[in-house]
Structures are given as structure tokens and as C-alpha cells.
Amino acid sequence: MKKLFSYKNKVLAGGLLIALSTVFSCKKLIEIPVNPPTQITRQQVFADSSTTITAVAGVYSFTPGGSGLPYKDGMLTISTALSAHEVIGGYGDQAQFYSYTVTPINGEVSSLWQAPYSEIYQVNDVLAGITNNSNLSPAFVKQITGEMKFVRAFCYFNMVNLFGGVPLVTTTDYRTNTQLPQASVDAVYTQILADLDDAVKKLPVTYPSSGHMRANLYTAVALQAKVHLYQEKWPSAYTEADSVIKSGLYDITTTPLSDVFLDGSAEAIWQVPILDKYQGSGEGSSFTPYSSNQIPTFIVTDSLLNQFEPGDLRMANWLGVNVVNGQNFYYPAKYKDPYPTSPATDYMLLRLGEMYLIRAEAAAQLDNLVGALADVNTIRERAGLGPSTADATSKAAVLAAVRKERRTELCFEFGNRWFDLNRTANNTKYPASGQASAVLTGWKPDFALYPLPQAQLQLNSHLIQNPGYH
Amino acid sequence: MYKIYSEHFVLPPGFTKKLLLFMKLTTLMLFLAFMQVSASTLAQKVTLSERNSSLTTVFEQIRNQTGYDFAYTTTTIQAAKPVTISVKNMELAEVLKKIFDDQPLDYKIDYKSVEVSQKEPSFLEGLKDKAAKFLALPAHIRGKVIDSLGQPLSGASVFLISKEPPYTYGVFTDNTGEFDFPNISQNHYTLTVTYVGYSKLEKTIQVNSKDILLRLVMHNSPSALDQIQVIGYGKESKRFSVGSVYSVGADAIEKQPVTNPLLALEGQVPGLSVIAMNGVPGSTTLVQLRGQNSLATDRLSFKPYDQPYFIVDGVPFAPQNVNVSQLSNLANGQSFSGGLDQAMGIGAFNNINPNDIESITILKDADATAIYGTKGAHGVILITTKKGKAGKTTVDINANNQVNAVARPIKLLNTQQYLQLRREAFAQDTLTPSSDPGDYVSFAPDLKIFDQNKYTNWQKIIQGNSTHNTDIHGSVSGGNGSNTFIVSGGYTRSDYNYPGSFSDQRYTLHSALTTVSANKKFDLTLITDYAYDQNNSAGGYGNGVLLPPNYPDLVDGNGKLVWNYKNVPIYTNFYAGLLQTTTLQSYNFNSSLNLNYEIVKNLKIGASMGFSRNTGTEHSIDPSTAQNPSYVNIQAAFANNATQNINIDPQINYNKTIGKGELTALLGGTYEKSTSDFYQAQAYGYSNDAFLNSINGASSLSPYDVAGLTKYVAIFGRLKYVYDQKYIIEFSGRRDGSSNFGPGNQFGSFGSLGAGWIFSEESAFKNALPFISYGKLSGSYGTTGSDASEGYKFQALYSAFPYGNTTPFQGIKQNIPINLYNPDFKWATKKSINVALDFGFFNNRLFLNATYYRDREGDQLVEYPLAAQAGFPTVYENQPADVQNKGLEFTLKSTNVKSNDFTWTSTFNISFNRNKLLAFPGLESSSYANQYVIGQPTTVVFGYRYKGINPTTGLFEYYKADGSVTSSPDYRPASQGGDAVVIGNRETNFMGGFGNNFNYKQFSFYVFCQFSSGTQPNALSALYGNNYPGFASNIPAYVLGKYWTGPGDTHATLQRLGSSYNSPYVGSPYYFAQSSGAYTNDTYLRIKTVALSYALPDAWVQKVNIKNASIFVNAQNLFTITNYKFGDPEQPGNFTNFPLQRIIAFGLNLKF
């Protein structure tokens, strides 16, 4: 038998083996560029202020995954307007809000819960990215920190009013965050106020960019006023609303009612652009009927319509009407056009009108009934109505007048009416006649809070379902 | 009927009967096999007319006429005399007698070959031999091994073994097929020659001092046992395989009129589940081997689907069986609630023409897949396309026309039944139907405004059509011994069984070239596949079939869509979808080049290089004609995608005989680069429908793009040693690196050890049980891995705002985080044990395989679901869970009857898989706390134990955890004080298939049945999960007579009706969908394929110069026996899906 390997062949084979193994043990073969072609790394984002600001812009765009706060799909407005019996109608899961049959698998509830947490993650990631970052100037870090904390406070404010105590996430550490239990309502409010305090300390009076899109000092103060009102801290609420009104930055008289929700509205304290350049706002596309001869999907209830006095210009400007078979069907029309308009419609998250009504309510609770009515009348005057006929000597009557004005002024506006009903329910500080149990058929105290989404309870066994949904 | 979960192997009631039927059938097949209807060899006639021709010339003549080979050595026939013979149509035996009569030669007929030897030596020669023998001089034995075409077989192993004294000599033939034993001492030897794919050649040789020159002819093995099967980076004979490998050949594939080759595997392979997502032409399929090994990811209630690694001609193809369409079409959004979470659309495998496939091999255990390392954890499917065969150039044309219809239509209510049910629903809700649209609760246009006598069978309009499909495939192939070629083209048109003119059209071009150098040292194979697929589809499918039967016409006399009927708005018009068309053009290019060179004897170096590129262009439109005229928004979407894969796999192969055994070794490496690019643009604001084909015609665009990149590198090896044709040991290993992991986690090592014992080769066994012709015990243990992640996910990434039509915020383009940061995830590891017992009975007429396996996947790499508060719904993370899948697989193949005119063969397979979560430290505090139970299958379902209908309230009732009864159970798990307990296990209890193939003269008949049994959501779950009975929506007629009619109704099996979402009784159905009442045993036996063909008599076809012609009828999904109530049991939990189709194909096959 011939010798299998000659010396020459051994060398050849050995060389081949070595060549193969050096080639394939090399890590270089699986080296890839630092970032994928269409994405960048977090380090690249926080490398300087010009890239950091793109992440800040991401926070203000509020629509991670398509439905962040303020709910591109209009869901916060729609679900709370249904729950508050401002409107009736809707499809599928939406109908459950009106009838208080919301289940833990309601899809809308699921997005109401999830969207703000995506937003909060972005805020926390920006805060983590700018803290102790030597690439950024201290002034820039201070400004952005203030803005981010304001946004976080805003998110938690909505969360605590929709769901009660919720898990309080202030970092990006997912291992800890995913299993956090609910914090108490008090703890959530403490966090909101701590964030707002810090924001007030850090934010300047002037807006950091054009319009009223990014937070300045008064947006934080305005939210403080709202939070303190809900917490029944009347003096604080009064002072804060008062300081916003007196700041001179905002004006309720110059912008006509028809333009209040448009870009550049003089009464806007905080509005964010509707960035869906084709479909406009979720509210606009959900509420506006397809055609003028159709019954709207969401119809304004008689109980709300009855609150509008004859001649109330808000009815003509903020409500639309379709006549079908001779019958009037009103629908919400603050956000009118499902298409973007020029000037564009913006989401109005805080506005001066609400500050007047906060100051009015706080004043009334502080027994400054004349002052309260004066603020109510400021609002009424713009709506083309005469002064309130409420008895200026009756605290109950003045509070009722404030409540009625809040109903007509702040209808279908990011949950205001629903939150009002809940915070004043069974509260002896408010006249009983207008309380939830009296005005909402089928309402029970447990229904003031929405259920936690069932999927979330499955994912986090530390969460406890809100009462009434077992 | 529903089934309470049990962890034992309990057969569902009612199935026993069917199982018995299978058993009876099996027994029958066995019985027939025992009968041994034996075949008589064909009498061979020979016609010869030779004058003074050489013996070799005469042999050649006979070989050409009869196929009989002649084995001789040149020295043997040196002394032969010239031959003169003239015979006509004489029996071969007589002819041979005549030829050898006058020759100094002897001959012996041995299975299709004639061995020629010298007659007893002459006295002188004998003396010389005797002297040599006396002196015990060693002899020189040389020889050449050829196949029946006379081509040398290189690499055949040749052994000379003597008993006493025990000598073993072993060599491999060289590239000219020759072998050489220089010094063989005198003795009595057994010479064996083995070569993959050929019958073993064995003869005894008496070696004295005389040199021997042998000419050995090997024959293709008629036995499945010796046929070549493709394995990872190589080929092997089934006989010596120790891995779990199963092949499906072209014969089983081509009988099925399916366009997706994966569908042809349904029921064919033990342990392999194939699910057709829907009946849309070209849609994706799901494939899974031996159960689900990974924990759920992403969405909790759904499991991801572990799919095998696919390789086409050595080129990785369609990782995870991805879909190639991005935009919505009828194949999208067709999720049946089978609990699977898989993107749907048009599948990549739609680009492969089943007619071009030679075989599909499924590698199951670690022995077979460890060489693929991290790709192999969930099995490997190797698709081998057809190559040319040496011989006369052949043209093969196959054309067929198909008729499709819904495989298992459901019956819905007619107008009268529907309206009656609606009225009852209102009555039960104590409401009065109202024509006042302002009356939100009672507004019922179908009862008060729509025509009460109109009847439209929407189901018939939408699903009730039948379509004609066309499939044409032609190939030209041929070649000589060292070069072969094939070129084949195919055209397939599948029409959608849907209103409108929609179709999937596929054009394929396949070619393969093989060449071997003259010195046989170098060989090359080049395979190229090109496919173009055009899929025209309608937009969203919707639930059109469920429109009320008295719904107004949706199209007016002018062909315009109707949006309003007597002031009742029609929000969605089914016909709009027909105008919102989507077109997908998919281009697939798959090419592989394989080179080998023998640098020294037994050592080959080579390389495989593959390139595949699948690109797609999509376009969908929403024209004004499809829209409500008061809200027109003309838009379109454009999408492109390209996925590309390049792989280079250098290899070294080495063979050596060591002692009585042969060693084969493989060392190789691989480098692979996969890229993907997706681009999509929504285009808005068209002024006119005519512009819709142009992206430029839009007034605004919102683009989106994403690209992926992964690189792999690996070194792998395999050592196999077969000793004495009896004992086999095999080792394979791979070190794998992937760019999908962060620093420190990129590399992993995997390997396996397999062993086999062919006990039937032991003489004691042979003597004791001679009817067992083959028996093998084999087993393996090994590890494989899974890198179920995506590129770059170990980094925290930001992306430019990726969603929808979002404008920049104040001129600043937004960036948002897109994932959570976890740099630490690493390979998941699977450990597998496989033990198999193979038997061949009665000369391998009957084969039986029984396989036991146990797989355990740990370090589970999952897209771990997180509570929303974490900011993202998932993160890539390893979980310390161990998931076990173990099971049994049985295969039976038999040739029941084999005679000249009639043959009957059968196959049967059944497999049982059992899944279990073995361990999961910290399960209670994980996101899976309410989904899995340690010690139970990962397919368990949590929910409420269903009781029935409360005769008083008419509501569904459930058991609470404490045993009491309620209509509104607490959804929390029992461990947390609620009522949700484990109510079922959705794993498949058993599945399999059996086929019979009959050939009688010119007729061939094949019937294949597929069966499966498991617990699945029943059709009621879909009924109550969606629009529940009584709503303004049509429902299956099944509900009639079953719902509760009033207090005291104790016979009802469905709860009281509800008129709408405002019904006071809508609460309890929500619980129903999560109760044991919504699950049922889903067992079916489906006559999957029936194929009948008739070969036209040769006398007819030869007149028109055709070699072969046959006509055939093939049918798919012909008939189903099931306990499933309504809807298709293959699409459980849904009855509005695009239904699976029954296909009947009529065709013609011609060979020139």
C-alpha cells in the first residue's frame, strides 16, 4: 500500500488546517459597524446638545408606538367623555365606558395604561442621558431637566386620575420597574409635586422655543395649580392659578372662540402640535362624522346640551351638528377637522380658561365668592353670555356655577369633566345635586377608576386590581 | 365537548375507535407483508447477430438489451475466443449457454450480473500455482469498482477479511475506481465493497500466490436502506445513520397539488407539524419539529413558533420562515386564534416550485443538527433540488388544471332564521327594536329599516366560488457520465377563491450543472434558481361573510359602492376591499456553487458558496372609488424589501480505513452574512386615482425604513467510524460566533456523540431470526443552540421617529429609544437525547422505526415580556427555565405486494410529543407567573372551569376556585384568590399520516391521510369572542336550538341571546372565551391527497415519438372526518378566516 501522506502533502494539509482555523477563530469576521444602518446608539444620542434635543423632541411628540399622551387616537378624551356621559356612542370596547361595564381586557384601557409608561421611559432615559454628562452645558441640562420633570408630572397626573395609585417609575432599570407594585395615590401625588417643584426651580419664564410647545415656568405652575385644586389645597391652587393669569403671557380675550384650539392660540399655556400630518387629531377624526347627513358616531348627550344657555357661542364653535331625518345630532368639534388645517390644530393641554376656573373654584372654597364669580364671568363673557345669575352669597350656588362653567368650557377636553366628577363625588365640600351619583346613571364609586389591564396583572403579579373589577 | 387537562398520556374519548382503525390497517399491512407475495424476475430476451466479435463486444450488446452486467477481469478473458452467434428473441440464459459453450470460461448469474471466471486451470498452470501455494507467496490483488453504467466509483470502501488467522485489509478506491492490495497472504477471504447508495457487494476469494485482477460492478440499491440521504454538509447511507433523519422524496411531493413545498410535508414526517395559515394562494405556513421549546415572548397569550432552520441546496433560506410581504393583503391579518404568534402574509417558500425539488430532508436530533450549532436547535430542513441524470436527453412536461373550493364550508343563517333570532334577542333583553338612530340601545336597522325579505348569501358571494388554477412545469435534462444538466421552467397560476380577479402567479427557472474532471479528481456543481412571483390581492378581508343576510345591496346599479341606505350609514363596505388592491412582486434568486478537489488520495478539499437574494416590491392603493364620497382620502402605499444571504463554507473531507472499519472525517468552516432592508412609504393626498401608481403623484409621504445585519462565523467537524459494518460511532461539533450578541457572549460551542449497533449483522442474530433482515439500535446525545434574537439588540438603540406620518417637532426630527438595554443575553442551549430502533423484515420489504427523544432547552433566550411600566413590552433576556419536549415517533414502510402487474406499498407514521416546564427558579416573581406551572406543559391554558347554562338566568356559569358556581368569576389565578385555574393543555396529543400507493399495470393510485388530535379553542370561542349570538351579525346555523330560550330551559348549551353591546348579558361571554367551555378536543382525519394516474400504453405514445405519457387527477384536502363542530379543524377557533381550499387537479405528463 502506498504511503498515504508524503511529506509534501502533510505540509499542504497542515497548512490548510492552520489557514482555516486562523480565519475562523477570528472575531474580526463577525465585527459589525457600531450602529445598524437605520438606527443610532444611545451614546450617539447624548453626545452633544444638538442630538440630545432630538430625544427631547421625541418626548414632546408624545406618540411612541402611535398612541402616547395625549393619545393620538383621542382615546383619553373619548373614553372619559363617554364615562362622564358627555357623549354616547362608539364601537366595541368604547361602549363599555358609557355603561360602566369596562372589563380588564378592554383594549382602550390597555392603551390608556401603556402609552404613558412609554412616554415616562423616554423622559427617564433623557434624564439619565443628560445627568452627569460632560458633553452638555449645565444651563442646557438644567433647562431640559425642568422640562422633562414637568412632562413626567403631567403623565402621572393623568395616570393617577384614571387608575388611582400606579407603579411609580423614575428610572430606566427594567428589571426593577417591571415588577414594581402600585404606589399609593399620595405617593404618586408626592412625586408629581416633587417633579413640579424642581421644574419650577429650573424653568425660565420664557419658552425655550417658538410658540408654547415646550415647558416654561408657567406651564409647571399651571399644572401645580391643577394638582393642588384636585388635592383641595385651595390657597396654593389659588396662588398658582393667579400667578399664571397675572403673568401677562396669556390672554383669553384676543383669540376668537373658533381659533382657541389652533396653533398660536393666545390663551395656550401648553399645547403640542398634532404631528400626524395627514390624519390630524384622533379627536377630530373620531368625532367628526363622515358626512353631514349621517348620524355621528359620538353624539353629545342631552344632559350636556342642556348646560349650554341660549346664545352660548361655545355651542356653535365647539360643537358640530348634523340634521338627520329632521333630528339634530350634536358632536364634539373642538378639534374640527380630521385633516390638518392651516394654521394647524394643536392639542391643548393647559390653557388660561382653565386657570380662571381653577382660581374661581379655589376662591369659592376659600369663601371669596365674589372673586369666584368674577372669574366665572370672565369665561362667560367670552362665550357671549351675561354674568352668572348665581346667588353670590351662597357658597353652594357659586360652586355650582363654577361646576356648570367647567362643564361647558372644558367639555371633551382630556378628561376634565370625568376627573371633576370623580374628585367631587361624595365630597361634602361640593353641592350634592351635581355629584356623579346624582347625574350619572349606573355610576358607582368603584367605577371612578378604570380597571388595570388584565395582561398587566398577568405580567406583574405585584399589581392589584382596582376594586369593583373582580 | 371539552377536555379537562390531564398530564398523562390519555387519549381523548372517541378517538380510541379511530386509533383502532389505524391499528387494524397496520395489522393488515403487516399480514400482507408476511404473506410475501413474491416477485418473479422478468424473463429477458436477447437478439444477437455477431461474427468473430470480441467477447467484450457481445457482453456490451447483452448489457444494453437486458441491463445485465458482466463482471470479469481482463486477465480472465485474455484467453477468450472470438464469438460468432445469431439468435433472435432467445432467453438470456440460453444465449449465455451458447456463448460460453466454446470458451475456457465459466459464468454465474448473480442478481442482474454475470460473473465470468476461468475454467479449471490447465495442468501446467496448476503446477505453478501449486508451487506458489506451497511457498506461501503473497498475491497482488487489484481491481476496479464501477457502477452499472461502467462509470468508476471513487471512494468505495473495499475490505478483504479472513477468519483464521484474522486478517483485515481495507482501502478506498481512488478517483479511477481502482484499488490495490499489494501483499495478500494466502487464505480464504471475504471481499466486501460498500458504497453509499449501492447494494453491498460481497464475494469470497481464495487467494493463493496468483495475482488477481477484479472488475466489480455495483448496483444501485433497490432497498431504501442503502439509498443516499442528504445530511448536514454531506451525504450518508441510511443503513449507517445514527441520527434521526427523515427524507421525503419527489414522488410524495409531486402528487400533491400544492404551490408551497412545505405544505407537501403535512402529515408525512413523524414529529413535524405543518400548519397552513389560511387558504390564500401563496400565504405562509408554519413548520415545527418535535414541539415548542421556547417560552412565550412578546404577547403573553401567544407563543412564538419555533421553526426549523431551512437550507436550500446548501444556502440558508428564509430564516424563521419569514413572510415576504409587508403591506396588508388577504393573507395578512388572518390570525386564527390557534395561539400562535407569527407574522402572516405571503411566504418565502412560495418562491420555490415543488416540482423542482428532489428531496426534503428533515434533521431532527442533535447528532444530525449539532453540526449546525446554533442554527440547529429547532431542527433543520434541507431542500435539495433536482439535478440532471446521465443518459439520453429527456424532456419532461407536466401540466395540470385545478379546481378549488372551500374545504369545509360552514352553514350560516338565512334571512328568516336571522331575523327571528334577532327578534328573540331583543325580547330576551326586554328591549323593543327601534328605527330611531338616536335610540342607541335599541336601534336595529336590520329589523326596522332593511328589507325583511331580502336574502343575500354573503358567504356564497365571498367564499362560495370555485376557481381554476394552472400549473405547468417542463424540464430538459441529461448528460454523459461526467457532465449532467437540467433546466426546468414552471408557471403556476392560483386564483383567489374570492370575488374579483385576484391571483398568485409564479414563474420559476431552475437549473443545475454538474461536472467531473477527466481524472475524476475535481468536481463542480452549480445550481441556480430564479423565481418571480406576482400576487394580486384585495385589501382587508374583514368579516364580510358575517354581514346580516338582509343587509342592503352594497353596490348600486351603476357599480358604485353604497354608503347609505335610507339614512343608515354603511361604515365599511365589503366591496371597497376589492378596489383597494395590493400587488406584490417577489423575486427570488438562489444560487449555490460546490467545488471539490482531491489533493491526495482520500483527502478532498472543497467549498460551498451560496448566494440568495429575495426582493419584493409592493404597492397598495385606496382609490376614491373605494371610499365614502363625503370623506375621500386617496392614498397608496409602496414598499420594497431585500433580504440577502452570502455564505462561504470551506471543507476538508478525509476517508481512511482503520482495521475493519472506515473512518470519515469532515472539517469545515462557515462564514455567513445576512442583510435585510425594508422600505415602506405611505403616500397621501393624491388628486386623482389615475396617479395612484406613482409615488410622485402624492402630495405627502411618510416613509419608514429599517435594515438588519448579522454575521456568523463557525468552525465545525464530524468524525464517523463504522467498524465491521456493525458498529458506528459519530462525533460532531461546532464552535459558533454571531454578531447578534454583545462582547463576551458571541461564541458558543456545541456538539454531539452518536453511536449505533447493527445487531442484525451479528451471526447469532442472523441465525436466530432470519426474517429480520436489518436491525439497528442507535442513539445520540448532544447540544445545540439558539440565537433567537435580532442584530444589534445588545445595545441601547434610538431610532428616528419610526411611526406613521409624523412631522418633525418644531423642525427637529425626533429620535426615540426603541429597545431596553441588556447587553448580557447569550445563546440558549438545548440538550437532546435520541434513541432509535430500526427493523427491516423479510429482505427489507417492511421497515419499522421507533424513536424516543428527549430535548431540554435551557438558558431560554426569549423576548421576555415585561409589564408596560418597564417602558417596553419586551426585552431580550435569558430565562433560567428548562423546557422539556419528549416523545415517541413510529414509522412503518412496507411493500405489501410486489408482482409484475401489481405493487402496493404503504407508509404510516405517528408521533406523540409531551412538553413540560421542568424548572424555572423564580417563576413566581417573573412575568410568566400567571402563565406557566412548573411540572406542566408550557401549553397549559388558564381560565375558568365551565359548568353550563343556568336554567334560571340563562347565563354561562363557571366554577369558582372554591367549587361554588358563578356567572362572573374572578379572573385572577387561584393562587392569588381568583378563580382562574389550569383548564387545558393545547399541545397536540398525537399526529401523523398514512399513505398507500397502488400500481396496477398502467394505473397508479395514491391516497394519503393526515391526522392530528389536540385540545384547541373551539368554534364557539370565536363566536362569543366576537359578535355574540343575537347581535347584528350573521352566525353559524349551529347555534339554532342550542341557546337558552327562557326560565326553566334546561337543555340549552349556549347562553341567552344579546341584542348588542348594550345588552345587559354581554358580561359572561367574555368569561366564556377563557373557560374550559371554549376549548374542545380537536381531532381530525383528513384525506389530504388522492392521486390517480394512468400511463398511456407505449404502443400509442411511441407512434408520436413520446417516451412516456400519463394523465392524472390529484386532489388535496378531499374529505375530513372530525369531531370539530364547525369551521375547519386545521384552523381552530375561527370560522371567518380565509378558508383552506379543496383542490382537484387534472393533468398530463409527457416525457420525450
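A quick note: this is a predicted structure, and the numbers were derived from the prediction, not measured.

Caption draft 1: Up close: the overall build of chain A. Broken down by element type, chain A carries 20 helices and seven strands. Each of the three principal axes of chain A carries a C-alpha extent, and together these read 120 × 55 × 45 Å. Residue burial in chain A is summarised as follows: out of 470 residues, 61% are buried. Residue pairs at least 24 apart in sequence account for 70% of intrachain contacts in chain A once pairs closer than 6 positions are excluded. On chain A, roughly 16800 Å² of surface is accessible, and the fraction owed to carbon and sulfur atoms is 56%. Placing the 35 positive and 39 negative side-chain charges of chain A at their respective mean positions leaves the two points 12 Å apart.

Caption draft 2: Structural detail: the confidence of the model for chain A. All names here are of chain A. Scored by pLDDT, chain A comes out at a mean of 88, with 90% of its residues at no less than 70. Predicted confidence for residues 1-5 stays below pLDDT 50, and this span has 11 contacts to residues more than four positions away or in other chains. Below a pLDDT of 50 lies the segment residues 64-68, which in the model reaches 14 contacts outside its immediate sequence neighbourhood of four places, other chains included.

Caption draft 3: Seen up close, the side chain of Asn1117 of chain B. Residue and element names in this part refer to chain B. Looking at where Asn1117 falls in the secondary structure, it is placed in strand E53 (residues 1108-1122). Classification of Asn1117 as buried rests on a relative accessible area of 7%. Reaching out from Asn1117, the side chain makes a polar contact with the backbone oxygen of Gln1141 at a distance of 2.8 Å.

Caption draft 4: Looking closely at the interface of chain A and chain B. Across the contact, 97 residues belong to chain A and 99 residues belong to chain B. Summing both sides of the interface, chain A and chain B together bury roughly 8700 Å²; the carbon and sulfur share of this comes to 63%. Salt-bridge contacts for Arg175 of chain A lead to Glu877 of chain B; the nearest nitrogen and oxygen are separated by 3.4 Å. Remark: the boundary between chain A and chain B carries 22 residue pairs in polar contact (both at pLDDT 80 or more). With eight residues, helix H1 (residues 7-24) of chain A is the largest single contributor of residues to the side of chain A that touches chain B. Residues of the side of chain A that touches chain B, tallied by class, amount to 51 nonpolar, 38 polar and eight charged. With three bridges joining them, strand E1 (residues 39-41) of chain A and strand E37 (residues 797-800) of chain B adopt antiparallel strand pairing.

Caption draft 5: Broad picture of the packing of helix H15 (residues 352-365) of chain A against helix H16 (residues 369-382) of chain A. Residue and element names in this part refer to chain A. Remark: H15 packs on H16, axes separated minimally by 7 Å, with the N-to-C direction vectors making an angle of 160°. The angle between H15 and H16 places the two elements in the roughly antiparallel class. Taken as a pair, H15 and H16 cross one another with a handedness that is left-handed. Along its contact with H15, which presents Gly353, Tyr356, Leu357, Arg359, Ala360, Ala363 and Ala364, the element H16 presents Leu369, Ala372, Asp375, Val376, Thr378 and Ile379. In the contact of H15 with H16, the residues fall into nine nonpolar, two polar and two charged.

Caption draft 6: Expanded view of helix H18 (residues 416-424) of chain A. Residues and elements named next belong to chain A. Within H18, nine of the nine residues are buried, which leaves the element mostly enclosed by the surrounding structure. Of the residues making up H18, those classed as buried are Asn416, Arg417, Trp418, Phe419, Asp420, Leu421, Asn422, Arg423 and Thr424. Buried residues belonging to H18 abut helix H4 (75-83), helix H7 (138-163), helix H10 (217-230), H15, helix H17 (395-409) and helix H19 (436-439). Following H18 by one or two positions, Asn426 has its phi on the positive side, about 50°.

Caption draft 7: Highlighting unusual backbone geometry. At Phe412 of chain A, a residue that is not glycine, the phi angle is positive and equals roughly 40°. Along the chain, Phe412 of chain A falls in the loop between H17 and H18.

Caption draft 8: Spotlight on the sheet that holds E37 of chain B. Strand order in the open sheet made by the three strands is E1(A)-E37(B)-E38(B), with antiparallel pairing throughout. On the outer flanks of this sheet lie E1 of chain A together with strand E38 (815-817) of chain B, each paired with one strand and no other. Averaged over all adjacent pairs, the angle separating strand axes in this sheet is 35°, with direction ignored. Inspection of the sheet shows E37 of chain B paired to E38 of chain B by three bridges, in the antiparallel sense. Pairing of Ala800 of chain B across the sheet is with Asn815 of chain B, part of E38 of chain B.

Caption draft 9: Expanded view of a nonpolar patch on the surface. Residue and element names in this part refer to chain B. A surface patch of nonpolar side chains, amounting to about 700 Å² of accessible area, comprises Tyr723, Tyr727, Trp757, Leu777, Val835, Leu837, Tyr852, Leu888 and Phe890. Counting residues per element, the ones that place at least two in the nonpolar patch are strand E39 (828-841) and strand E43 (882-898). Following the sequence through the fold, Phe890 ends up in strand E43. Assessed through its relative accessible area of 32%, Phe890 is described here as partly exposed.

Caption draft 10: Examining helix H11 (residues 234-245) of chain A more closely. All names here are of chain A. Helix length check: H11, at 12 residues, gives a terminal C-alpha distance of 16 Å against a target of 16 Å (1.5 Å per residue), a fit within 8%. Along H11, the residues classified as buried are Trp234, Ala237, Glu240, Ala241, Asp242, Val244 and Ile245. For H11, the secondary structure elements touched by its buried residues are H10, strand E3 (268-273) and H15.

The rules behind the values
Residue positions are given per chain, counting from 1 as you read along its sequence in written order. Lettering for chains starts from A, numbering for ligands starts from 1, and both go in the order in which the items are written. Where totals are concerned, whole chains, interfaces and linings use all residues; where local detail is concerned, this predicted model gives features only for residues with pLDDT of at least 70, and gives and counts side-chain atom pairs only at 80 or more. As a rule here, side-chain values cover all heavy atoms of the structure and leave hydrogens and water aside. The secondary structure listing takes helices from DSSP runs of H or I that are at least 4 residues long and strands from runs of E that are at least 2 residues long, numbered from the N terminus. Three exposure classes are used, based on accessible area relative to the maximum for each residue type with a 1.4 Å probe and protein chains only: buried under 20%, partly exposed in between, and exposed over 50%. Working rule for contacts: check all heavy atoms of both residues, and any pair within 4.5 Å makes them a contact. Areas reported here follow the Shrake-Rupley algorithm with a probe of radius 1.4 Å; residue values treat only the protein chains shown as occluding. Working convention for charge: Lys and Arg count positive, Asp and Glu count negative, and His plus the chain ends are omitted. Note that the charge is assigned to NZ on lysines, CZ on arginines, CG on aspartates and CD on glutamates. Confidence of the predictor in every single residue is expressed as pLDDT, which spans 0 to 100. Each polar contact in these results corresponds to two N or O atoms within 3.5 Å; when the atoms are within protein, one needs to be able to donate a hydrogen and the other to accept it, and residues that are neighboring in sequence are counted only if both atoms are side-chain atoms. Buried area is calculated as the accessible area (1.4 Å probe) missing from two parts once they are joined, with the contributions of both summed. A pair is scored as a salt bridge if a Lys or Arg side-chain nitrogen falls within 4 Å of a carboxyl oxygen belonging to Asp or Glu. Throughout, the ten residues Ala, Val, Leu, Ile, Met, Phe, Trp, Tyr, Cys and Pro are labelled nonpolar, Asp, Glu, Lys and Arg are labelled charged, and all others, Gly among them, are labelled polar. Think of it this way: DSSP has to see at least two bridges between two strands before they count as a pair. Orientation is described by lines fitted to C-alpha atoms, with helices fitted over the stretch in contact, and by angles between N-to-C directions that extend from 0 to 180 degrees. Comment on the angle field: the value is read as roughly parallel under 35 degrees, roughly antiparallel over 145, roughly perpendicular from 65 to 115, and oblique elsewhere. If you view the pair so one helix is near and one far, a crossing is left-handed when the near helix is turned anticlockwise from the far one by less than a right angle, and right-handed when it is turned clockwise. In this analysis, a patch consists of residues with relative accessible area above 30% that form no salt bridge, clustered at 9 Å for like charges and at 5 Å for the nonpolar side chains Val, Leu, Ile, Met, Phe, Trp and Tyr. Multiplying 1.5 Å by the helix residue count minus one yields the expected span of that helix.

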